[in-house]
Amino acid sequence: MRSEVETRPTVRYPDGHVLLRQLNRDFPVASHGEGVYLFDTRGRRYLDGSAGALVASVGHGNREVADRIHEQLLRVAYVNGNHFTSDATETLAARLCADAPGGLSRAAFLGSGSEATEAAVKFVRQLWVERGQPQRAKVITRVPSYHGNTLYALSLSGRPHYKKFFGPMLSEVVTTAAPYPYRSGLEDYERDGTAHYLRLLEETLLREGPETIAAFIAEPVIGSSAGASVPPPGYFEQVGALCRKYGILTIADEVMCGCGRTGRFFASEQFHFTPDVLVLGKGLSGGYAPLSAVLVRQEHLEEMRQGSGGFMHAQTYLQAPCMTAAGVAVLDYYEKHGLVAHAARVGAYLQRRLREALLPLPHVGAVQGVGLMAGVELVEDKESKRPFARSRKVVDRLLALLFEDGLILWPNTGHANGTDGDLVMVGPPLVITEAEADELVEKLVAGITRLGERP
């Protein structure tokens, strides 16, 4: 028997029994997807310009990937990672590690980017305890940044407005400024950015005491919290050298920017970052199964083997073949269709079109990014870079207008000063064509123009 909710074209709280994240809007009921498009049960089509939350790397309705996962499900869907490994898990680990930044030769698989961040930090912490340096318990993170929604991952996320609700439950972490070209205050970001941010980082290390710091965590390209902010030239080489000088381990968070989104499979390599630990998620499974990965160095794992005997971390779906089979299928699809090179080529086209079409608009302060990952920042005054007051809900209204017109993008707020700031993330499936990129840009221009007519 079909329920009452299933027959409705939209669902709005208090309809149904799902704990909806937003309690004051209608949710269309998705029916199916095809490539870069989603469709609802009313027959409306939406261009998924943000691949959900930059997840749907191989597009919607991808039978090549879905069939491979189905094959694995018929063999065995789940085994506990403490009892068994599987062909799918071993294959995915071997293929990721074969191409990973230097020295990363072991991989563990979990269900989300937040879980991967937690596991990465726990790995680093355990390593310092194994080495007899338990005083190294601090992690340095950057502001703005985002590393996940579990409590410690949220603690690492340089987004102060989260403290309103969860402050007493968050852990204390050490922060330093993140490279952010539009709001750096520098006369020449490309020329002076690395020296500026490196000085701030070293001042932080010396103030805290380098011997107390376990790790430095960073997104090679910052995600929605800074609108696809790209580091200045030489930044990660010098950050890596500074961390090595003080014996601090480095963690690359590629949950959003990895898996081909920037035009290279590993964004760290594109920006000459050689981390000690690297985390992946989102595009790794293309949304066809929950999946994230933690990549570590063999020599660090060997220290644990000789000490306590293993990594003290496990979760129910650790290494589950139903998840890792999705990762293998996605990697096969990438290789068969040359998807990383395609993303680099179409990404360059999209970046150019966004800048040409959006920067002349009155309230577009910045367009930045690389590959198929871009951020568009909206401001009240372009000359002073003054953000809109949060009370005006500018990006919320823009996304509602875009949704009405069949374009889905991903928002962020608060990045300008902790409260104010409006931007949208553009990050379509990597299968997008130039014609579809044009459609995306045209819809975004129309939405921003309409918003300007409704101040």
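Caption draft 1: Local environment of the sheet that holds strand S9 (residues 213–218). Pairing is mixed in the open sheet, where seven strands are placed in the order S6-S12-S11-S10-S9-S7-S8. Of all strands in the sheet, those bounded by a partner on one side alone are strand S6 (104–110) and strand S8 (174–177). The average angle at which neighbouring strand axes cross in this sheet is 25°, direction not considered.

Caption draft 2: Quick look at the sheet that holds strand S16 (residues 410–413). Strand order across the open sheet formed by four strands is S13-S14-S17-S16, with antiparallel pairing between neighbours. A single partner strand is all that each edge strand has here, and the edge strands are strand S13 (364–370) and S16. On average, each strand axis in the sheet is tilted by 20° relative to the strand beside it, whichever way the strands run. Where S16 lies against strand S17 (residues 422–426), four bridges are found, and the strand directions are antiparallel. Its bridge partner being in S17, threonine 413 is matched across the sheet by aspartate 422. With respect to the sheet, helix H13 (residues 394–404) is in contact with strand S14 (373–378), S16 and S17, its orientation differing from that of S17 by roughly 40°.

Caption draft 3: Layout of the pattern of salt bridges. Overall, the coordinates contain 25 salt bridges when judged by the stated rule. For arginine 131, the salt bridge goes to glutamate 303, with nearest N and O atoms at 2.8 Å. Note that arginine 131 is positioned in the loop between helix H4 (113–130) and strand S7 (138–143) and glutamate 303 in helix H10 (residues 298–306), a separation of 172 residues in sequence. Classification of glutamate 303 by relative accessible area gives partly exposed; the value is 28%. Put simply, aspartate 396 and arginine 390 hold a salt bridge, and the shortest N to O gap is 2.9 Å. Among the charged side chains, a salt-bridge network with shared partners connects Arg68, Arg95, Asp332 and Glu335.

Caption draft 4: Expanded view of the packing of helix H3 (residues 87–99) against helix H11 (residues 321–337). Where H3 meets H11, the closest approach of the two axes is 8 Å, and the angle between their N-to-C directions is 45°. With respect to their mutual orientation, H3 and H11 come out oblique. Viewed along their axes, H3 and H11 form a crossing whose handedness is left-handed. Between H3 and H11, the residues in contact are Ala88, Thr89, Thr91, Leu92, Arg95 and Leu96 and Pro321, Thr324, Ala325, Gly327, Val328, Leu331, Asp332 and Glu335, respectively. In terms of residue class, the contact of H3 with H11 is made up of seven nonpolar, four polar and three charged.

Caption draft 5: Region of interest: the nonpolar core. Judged by nonpolar contacts, the single largest core of 104 residues is most densely connected at Leu96, Phe216, Leu358 and Leu444. Setting aside residues up to four positions removed in sequence, leucine 96 forms contacts with Phe109, Phe265, Phe266, Leu280, Leu284, Ala293, Leu295 and Leu331. Formed by 25 residues, the second largest nonpolar core is a distinct cluster that contains Ala116, Ala119, Leu127 and Val255.

Caption draft 6: View of the pairing of S14. Of all the six residues making up S14, six are buried; the element is thus mostly covered by neighbouring parts of the structure. The alternating pattern of S14 places Met373, Gly375 and Glu377 and Ala374, Val376 and Leu378 on opposite faces, both of which are buried. Bridge count for S13 against S14 is six bridges, and the pairing is antiparallel. Of the residues in S14, the one forming a bridge with glutamine 368 is glycine 375. Linking S13 to S14, which pair antiparallel, is a turn of two residues; within it glycine 371 sits at a positive phi near 60°. Pairing geometry for S14 and S17, over five bridges, is antiparallel. Following the sheet pairing, glycine 375 is matched in S17 by methionine 425.

Caption draft 7: The arrangement of the side chain of glutamine 72 in detail. Inspection of the secondary structure assignment puts glutamine 72 in helix H2 (residues 63–75). At 2.9 Å, the side chain of glutamine 72 and the backbone oxygen of valine 76 are in polar contact. The contact partners of glutamine 72, leaving out residues within four places of it in the chain, are Ala77, Ala88, Pro321, Cys322 and Ala325.

Caption draft 8: Spotlight on unusual backbone geometry. The amide bond that connects tyrosine 13 to the next residue, proline 14, takes the cis arrangement and shows omega of 15°. Take proline 14: it is sitting in the loop between strand S1 (10–11) and strand S2 (27–28). In this chain, valine 143 is followed by proline 144 through a cis amide linkage whose omega measures 0°. Structurally, proline 144 is set in the loop between S7 and helix H5 (151–156). Despite not being glycine, histidine 272 shows a phi value in the positive range, around 60°. Along the chain, histidine 272 falls in the loop between helix H9 (267–270) and strand S11 (277–280). Backbone geometry at lysine 393 places phi at a positive 50°, although glycine is not the residue there. For lysine 393, the position within the fold is in the loop between S14 and H13.

Basis of the calculations
Residues numbered from 1 in each chain as written. Predicted model: local features only at pLDDT ≥ 70, side-chain atom pairs only at ≥ 80, totals over all residues. Heavy atoms only, no water. Pairing = 2+ DSSP bridges. Helix = DSSP H or I, 4+ residues; strand = E, 2+ residues; numbered from the N terminus. Axes fitted to C-alpha atoms, helices over the stretch in contact; angles between N-to-C directions. Contact = heavy atoms within 4.5 Å. Salt bridge = Lys/Arg side-chain N within 4 Å of Asp/Glu carboxyl O. Buried < 20%, exposed > 50% of the residue type's maximum accessible area, 1.4 Å probe, protein only. Parallel < 35°, antiparallel > 145°, perpendicular 65-115°, else oblique. Left-handed = near helix turned anticlockwise from the far one by under 90°. Nonpolar A, V, L, I, M, F, W, Y, C, P; charged D, E, K, R; others polar. Core = buried A, V, L, I, M, F, W, Y, C linked by side-chain atoms within 4.5 Å. Polar contact = N/O pair within 3.5 Å; in protein donor to acceptor, adjacent residues only side chain to side chain.

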